[in-house]
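What follows is the residue order along each chain.
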Amino acid sequence: MEENLTYKSAMEEIENLVKLLEENKLDVDELREKVKRIAVLVEFCKEKLHSTEEEVNKVLKSIVE
């Protein structure tokens with residue numbers, strides 16, 4: 001995954017790729033590559049959300065203790 005990729009930039013890229021898919025202007029090869037890229041970005045976002053949730057829970061737990 002790219003070093004500069006953030007959750008926000010990944011979501012923006014997903015949105016842009018979905019628009020391309022919705023416009024139905026991609027040939028089969030482009031479609032395959034765009035769908036693969038979306039899958040990579042979705043996995044990145046899921047991991048980012050999961051790690052953020054864990055960090056927030058740790059902070060909240062330390063506040064309570």
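Residues numbered from 1 in each chain as written. Predicted model: local features only at pLDDT ≥ 70, side-chain atom pairs only at ≥ 80, totals over all residues. Heavy atoms only, no water.

Engineer: Describe the overall build of the protein chain, listing the residues and the values that go with them.
Structural biologist: Looking only at helices and strands, the protein chain has two helices and zero strands in total. Taken over the C-alpha atoms alone, the protein chain extends approximately 55 × 20 × 15 Å along its principal axes. As presented, the protein chain carries roughly 5,500 Å² of accessible surface, and 55% of it is formed by carbon and sulfur atoms. When the 11 basic and 17 acidic side-chain charges of the protein chain are each reduced to a single mean position, those positions are 1 Å apart. (Helix = DSSP H or I, 4+ residues; strand = E, 2+ residues; numbered from the N terminus. Areas by Shrake-Rupley, 256 points an atom, 1.4 Å probe, with all protein chains shown as cover. Lys, Arg positive; Asp, Glu negative; His and termini not counted. Charge placed at Lys NZ, Arg CZ, Asp CG, Glu CD.)

Engineer: Describe in detail the nonpolar core, supporting the description with residues and values.
Structural biologist: Core analysis: the largest hydrophobic core is formed by eight residues, namely Leu5, Ala10, Ile14, Leu17, Ile38, Leu41, Phe44 and Cys45. Top element by residues in this core is helix H2 (residues 28–64). It accounts for four residues. (Core = buried A, V, L, I, M, F, W, Y, C linked by side-chain atoms within 4.5 Å. Buried < 20%, exposed > 50% of the residue type's maximum accessible area, 1.4 Å probe, protein only.)

Engineer: Explain the pattern of salt bridges to me, and be specific about the residues and the numbers.
Structural biologist: According to the stated counting rule, one finds four salt bridges in the structure shown. With its nearest N and O atoms 3.8 Å apart, the salt bridge here joins glutamate 43 to lysine 46. Note that glutamate 43 and lysine 46 are positioned in helix H2 at a spacing of three residues, about one turn of the helix. Given the relative accessible area of 37%, glutamate 43 is considered partly exposed. Taken together, the salt bridges that share partners define one network made up of Arg32, Glu33 and Lys36. (Salt bridge = Lys/Arg side-chain N within 4 Å of Asp/Glu carboxyl O.)

Engineer: Break down the environment of leucine 21 for me, citing the residues and quoting the values.
Structural biologist: With respect to the helices, strands and loops of the structure, leucine 21 is situated in helix H1 (residues 7–23). A residue is classified by how much of its surface remains accessible, and leucine 21, at 25% relative accessible area, is partly exposed. A C-alpha to C-alpha distance of 20 Å links leucine 21 and cysteine 45, two positions 24 residues apart in sequence. In this structure, leucine 21 is in contact with Leu26, Leu31, Lys34 and Ile38, ignoring residues within four places of it in sequence. (Contact = heavy atoms within 4.5 Å.)

Engineer: Could you give me a rundown of H2, with the residues and numbers involved?
Structural biologist: Taking 1.5 Å of rise per residue, 37 residues should cover 54 Å, and H2 covers 54 Å from first to last C-alpha, within 8% of that figure. Listed as buried for H2 are Ile38, Leu41, Phe44 and Cys45. Where H2 is buried, its residues touch H1. (Expected span 1.5 Å × (residues − 1).)

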